[in-house]
Amino acid sequence: MEAKRAKVVNRLTPRQQSDSWFGFALVVPALLVLLIVIALPILKGIYVSFFSYKLKNVGGALFNLSPDQLASIFRGDADLSSLSNLKWNDLANYISLFKRGEVLHYFRNTLVFVAFTVSIQLVLGMVIALLLNSKIRACGLYRGFMLIPWTIPSVVVAILWRWMLHQDFGVINYIAYALGISQQVNVSWQVSDGLAMASIVLASVWRQLPYMMVMLLAGLQSVDGSLEEASRIDGANGWNTFTHVILPSIRPVLFTSVWIAVMNNFQSYTIIANMNGTGASTMTLSIAAYQEAFKSYNFGKGAAIGVMWLVLLFMVTLVTNRMNERCANDYQ
Amino acid sequence: MQKLLAIVLTLAMLGSLCATAAAEDKVTIGWTSWALAEEKLIPVYGGSADAFMADNPDITIDYSQSNPYASYLDQLLTAASAGNAPYVAHIKAEWLPQFLELGVLKDIRPYLSDDVVSDYSAAAIAGATVDGQLVAMPWFGNTYALYYNKALLAQAGIDALPQTWAELIEDAYKVSALGDDIYGLAIPNSNGVEAGEGYNVFPALWAHGGEYQDADGKISLANEAGIATFTELQKLIVDKVSPTVGNSFKDLRNLFGQGKIGFYWDLEATIPTAAAAAADQDQFYKDFGCMVIPGADTANGSGYIITHYLVVFNNCPDEIMPQVARFLEYMSGPKVIQIFKDGKQGKMSSRASVMAEVFQDVSETTAVYVQAMETARPLPVAGLHFMDADKEIVKALTRLAQGEDVTAVMTDCQTTIQEMYDEE
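Note that this is a predicted model, so its numbers are computed, not measured.

1. Section: the domain arrangement of chain B
All names here are of chain B. What the domain assignment lists for chain B is domain 1 (2-135 + 308-374) and domain 2 (143-303 + 380-423). Between domain 1 and domain 2, the residue contacts involve 17 residues of the former and 16 residues of the latter. At the level of secondary structure, the elements contributing two or more residues to the side of domain 1 that touches domain 2 comprise α4 (96-102) and α17 (364-375). In terms of residue count, the dominant contributor to the side of domain 1 that touches domain 2 is α17 (7 residues). In terms of residue class, the side of domain 1 that touches domain 2 is made up of 8 nonpolar, 6 polar and 3 charged.

2. Some points on helix α11 (residues 249-257) of chain B
Residue and element names in this part refer to chain B. A large share of α11 lies buried, amounting to 8 of its 9 residues. For α11, the full list of buried residues reads Phe249, Asp251, Leu252, Arg253, Asn254, Leu255, Phe256 and Gly257. The elements touched by buried residues of α11 are β6 (137-149), β8 (261-267), α12 (271-276) and α13 (281-287). In the stretch just after α11, Gly259 is the one whose phi turns positive, near 75 degrees.

3. Some details on the interface of chain A and chain B
Across the boundary between the two partners, chain A contributes 24 residues, which contact 24 residues of chain B. Among the elements that take part in the side of chain A that touches chain B, helix α3 (residues 55-58) of chain A stands out by supplying 3 residues, more than any other. A breakdown of the residues in the side of chain A that touches chain B according to their chemical character gives 8 nonpolar, 14 polar and 2 charged.

4. Things to note about the pairing of β6 of chain B
Residue and element names in this part refer to chain B. Judged by how many residues are buried, β6 sits mostly within the fold: 13 of 13 residues are covered. As defined by bridge partners, β6 adjoins strand β10 (residues 304-312) across 6 bridges and the pair is classed as antiparallel. Bridge pairing in β10 places Thr143 opposite Ile305. Both β6 and strand β11 (residues 347-348) contribute to a ladder of 2 bridges, which runs antiparallel. Along β11, the bridge assignment pairs Asn142 with Lys347. Taken together, the 5 bridges between β6 and β8 define a ladder with antiparallel strand orientation. When the sheet's bridge partners are listed, Tyr147 is paired in β8 with Tyr264. Bridge count between β6 and strand β9 (residues 288-291): 4 bridges; the pairing is antiparallel. Counted as the bridge partner of Tyr148 is Gly289 from β9.

What counts and what doesn't
- Residues numbered from 1 in each chain as written.
- Chains lettered and ligands numbered in written order.
- Predicted model: local features only at pLDDT ≥ 70, side-chain atom pairs only at ≥ 80, totals over all residues.
- Domains from an automatic or database assignment.
- Contact = placed C-beta atoms within 7 Å.
- Helix = DSSP H or I, 4+ residues; strand = E, 2+ residues; numbered from the N terminus.
- Nonpolar A, V, L, I, M, F, W, Y, C, P; charged D, E, K, R; others polar.
- Buried ≥ 20, exposed ≤ 12 C-beta atoms within 10 Å, placed from the backbone.
- Pairing = 2+ DSSP bridges.

This is the structure:
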């Protein structure tokens, strides 16, 4: 009886059905655009990653179909493998990446870069956001100044930092030497793996810090003041208030900001390429994929790197979403 | 009044039709070069096309399509594969295999005169000939000579220029002893930020009797000569006689201009760039000197030469190939090479008559580059992966700078490059 009632309740009126179809029709163009600009390129990327796809294959379309071939497909007697100008290469693109351990090296560099860049900007961004959220004088002015790096194009940031860290002309080397931090004036920031990675993390953090700071500041400004007041009345110190009141209150903002930062840094190309080029110590997935596809013109291998990158991001997304849901449930 | 207006409009319309018909008689050839995207080079490169059009009023050269160097090759490959590239393009010799891979180049030999072809050195024509087809017109070559700073050499007590490679290294150590921020011999390595730096070590390799590829075409960087070369280069970097990782050619020009480098090799056209970094340009030119890169036991060793080609794409109609051939012959002829010389571009021709005509009366510096041309060697660019190999050599130099074992590094480098070549 209950089920029957529910069925009756859920049935749409003709007017509602019409509205629903109309709504769907309105969404179709957007879906089509998304299909063409996102889904198809992803599918094509996955497809070509299994083939030998180099410059010589670029001359024609992915499938070169003559009218005769098209007719034979419709008749059902076509040899489908002969229709593509790509050649299946027995997973050679993937095998070559694993054979030399290249892909593991790219994964490691990418994870190190993302982990350091996001954590440093999160901590610094939180500290600055807390300071700007307190009642300090000329707060608006500081906030304005803090936003400047965000307005500078990435390529300019890369060149700026490259010069500041330059072995022979770099101001940072000079300051480090003058302060006695370094024993030599012309330190190369690219010769050591650690310093090379540190240099791109430094530049990326400097560029992205304002974004994190603004997001967290927006979150902090939405925290209910009465909660903080109540915690103080209950005898909580500053740290306890921060960890037990402020952080849970801004958790959605925190997750979103960190997640966007992780995604951006996984795709980071401009700063790394213009600071350290193709240096092995900073060869991340994005640099490697670009180099393979558009410098070595091995589009198949470039796509294979892209596919593994996609899988990694997909897994990270799943884990993060699960964590976010669990935390949301804990809080409720 | 209305009738008069109608007649005038009709005449104007007929006139414009006639003008269009006349314009259609004039052949238009699209031409592109990355240099056309650089403002300071337009007077030379664009000026060459303008000179051609002045001498050939029936042909228009449209050089409005150009891309900066960083994106030039990618854009040109894409356009060529799509069949809508400008008919004629300026390329570097090391890019030729990629265009051959695409199969987009026209055989230009049937359209060129025998006189012009026979004027070229046999090596120049052989380098542009594939399967019996002349797929590119050798335009000009850039060769390298060794810059030196006379003031630094004098301070280091060097009163005679090095006559052999060993003397050069010895002098480099003397110069670098002048200070922590002074380098004796600079070799560029921007760690891949700039392309085409790996092959810069070839003069050192050749001076040690080594070769990039052996007689069978196998990569030979890890043999005795290769190990000796890269051991020496590692020592130069570790001893701070050469800069470590992070200096591109552009950086070295600045450092040389500032008087911080004793020796390094570079192109003639880049001398003003180095001078621009000097605090006192007059003093820079007083202290500046250049010589041929020394070899193992000779002052006339070998630098390398980067050949620049003009290629014609398949989308160029056969009907206008005679006009295109006139353009190609003109561009490689004395008038254009003279324009380059007047523009202090340091471009040398592979055509004997052009060299004899244009480079008769030259400055002391240009004379060194002309002399360097006699022993300069072309880069072994035949493989599709030459530029990838170049990156591997740069990676090897970085590993050497980190102090890794030379034999292990060079064996890895050789294996990786060989695998790339074997994949072709």
